[in-house]
Amino acid sequence: QMDLAVKEPRTKGTLHTDIVERLLNEAGKWQNIDSHEHIVNVVDFGNKPLPWIAMECMDGGDLGDRAETMEFDQALWTAIATTKAVRHAHRHGIAHLDLKPENILFRSVEDGWDVPKVADWGLSKYLLDHSNTVEGLSPQYAAPEQFDEEYGSTDDITDIYQLGAVFYELFTGDPPFNGKPFKIIGKVKDESPTQPSDIADVPNELDDILLTALAKQKDDRYEDILYFRDDLEDLFDSVNTSNDPY
């Protein structure tokens, strides 16, 4: 027996047919990648009376609830697991483009670290409230190219920036930039984040990893999420912890 969570659009009035079709298409894509251990499982979906999606119930809250509360090695393992999930999607031709703490959920585990899983693949723009967002985005976690086409198009490399922003908050307690949405947009395009080790008790090596992911120009970021994962794993190995639950 599996507990389910059901999502429906929080919207008034009629949804246009093309939006309904896109929702179902995105739900199908999500279901195609949900065999990964760190992607939330889609159980079923449909369009009557409104589009809906039934997914496994994640009982451990989201990453935003846990920012700067985990021990470093657990936080690093959580970041690695999340990166593996996004890499799995990229290998199947799917970019998330809306990675944020609320989309990284946890399932409680009795004898190990709680398991993070990534949710809302392609659906969040329609299924979630748009409060405090700009065109459906959460500015604190959005990449420069999502605000300004001079930075290029949105693609897999956009996910790398977004993961950098999410992990920055995981390790420091705050996203790279704070403030009102339009102030954040300016900072995302023009300012460099403070080095994580200046505001949290983390190794200097983490600075280079996160600031590479958070580079303004896409060419300055990791060219593939595989390299992001590798650097996180190398750091995990170098802190010489034996707590990996696997």
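Before any of the text, the structure's been laid out above.
Sequence order as written defines the numbering, with residues in each chain counted from 1. Owing to the predicted nature of the model, reporting of local features is limited to residues with pLDDT of at least 70; listing and counting of side-chain atom pairs is limited to 80 or more, with chain, interface and lining totals taken over all residues. Excluded from the side-chain calculation are hydrogens and water; included are all heavy atoms of the structure.

Quick notes on the nonpolar core
The criterion, for reference: For our purposes a nonpolar core is just a set of buried Ala, Val, Leu, Ile, Met, Phe, Trp, Tyr and Cys residues, chained together by side-chain atoms within 4.5 Å. Here the term buried applies to any residue with accessible area under 20% of the maximum for its type, exposed to any over 50%, and partly exposed to those in between, with areas from a 1.4 Å probe on protein chains only. Secondary structure counts use DSSP, requiring at least four H or I residues in a row for a helix and at least two E residues in a row for a strand, with both numbered from the N terminus.
Counting residues in hydrophobic clusters, the biggest one holds 57 residues, and the most contacted among them are Trp30, Trp121, Phe167, Phe171 and Phe228. At the level of elements, α1 (17-33), β3 (52-56), α3 (72-91), β4 (104-107), α5 (156-172), α6 (181-190), α8 (204-213) and α9 (225-238) are the ones that each hand at least two residues to this core. Sort the elements by how many residues they give to this core and α5 lands first, with 10 residues.

Description of a nonpolar patch on the surface
For clarity, the threshold we go by: Each patch groups residues whose relative accessible area exceeds 30% and which form no salt bridge, using 9 Å between like charges and 5 Å between nonpolar side chains of Val, Leu, Ile, Met, Phe, Trp and Tyr. Residue exposure ignores everything except the shown protein chains as possible cover, and the areas themselves are Shrake-Rupley values with a 1.4 Å probe. What makes a salt bridge here is a side-chain nitrogen of Lys or Arg within 4 Å of a carboxyl oxygen of Asp or Glu, nothing more.
Together, Leu4, Val6 and Val43 make up an exposed nonpolar region whose accessible area comes to about 240 Å². Position of Val6 among the secondary structure elements: in strand β1 (residues 4-7).

Structural notes on the packing of aromatic side chains
Put simply, the test is: Centres within 6.5 Å make a pair out of two Phe, Tyr or Trp rings, where for Trp the six-membered ring is used; the pair is then stacked when the planes are under 30 degrees apart, edge-to-face when over 60, and tilted otherwise. Each ring is checked for a lysine NZ or an arginine CZ that lies within 6 Å of its centre and within 35 degrees of its normal; such an atom marks a charge sitting over the ring.
A complete count under the given rule lists 4 aromatic pairs for this structure. Judged by centre distance (5.9 Å) and plane angle (50 degrees), the ring pair of Phe167 and Phe228 falls under tilted. Of this pair, Phe167 sits in helix α5 while Phe228 sits in helix α9, and the two are 61 residues apart along the sequence. Here the two residues Phe167 and Phe228 agree in accessibility, since each one is buried. Ring geometry for Tyr222 versus Phe228: centroids 5.1 Å apart, planes at 15 degrees, classification stacked. Every member of this aromatic cluster is reached through a ring pair, and the members are Phe167, Tyr222 and Phe228. Arg66 extends its terminal NZ or CZ atom over the ring of Phe106, reaching a point 4.0 Å from the ring centre.

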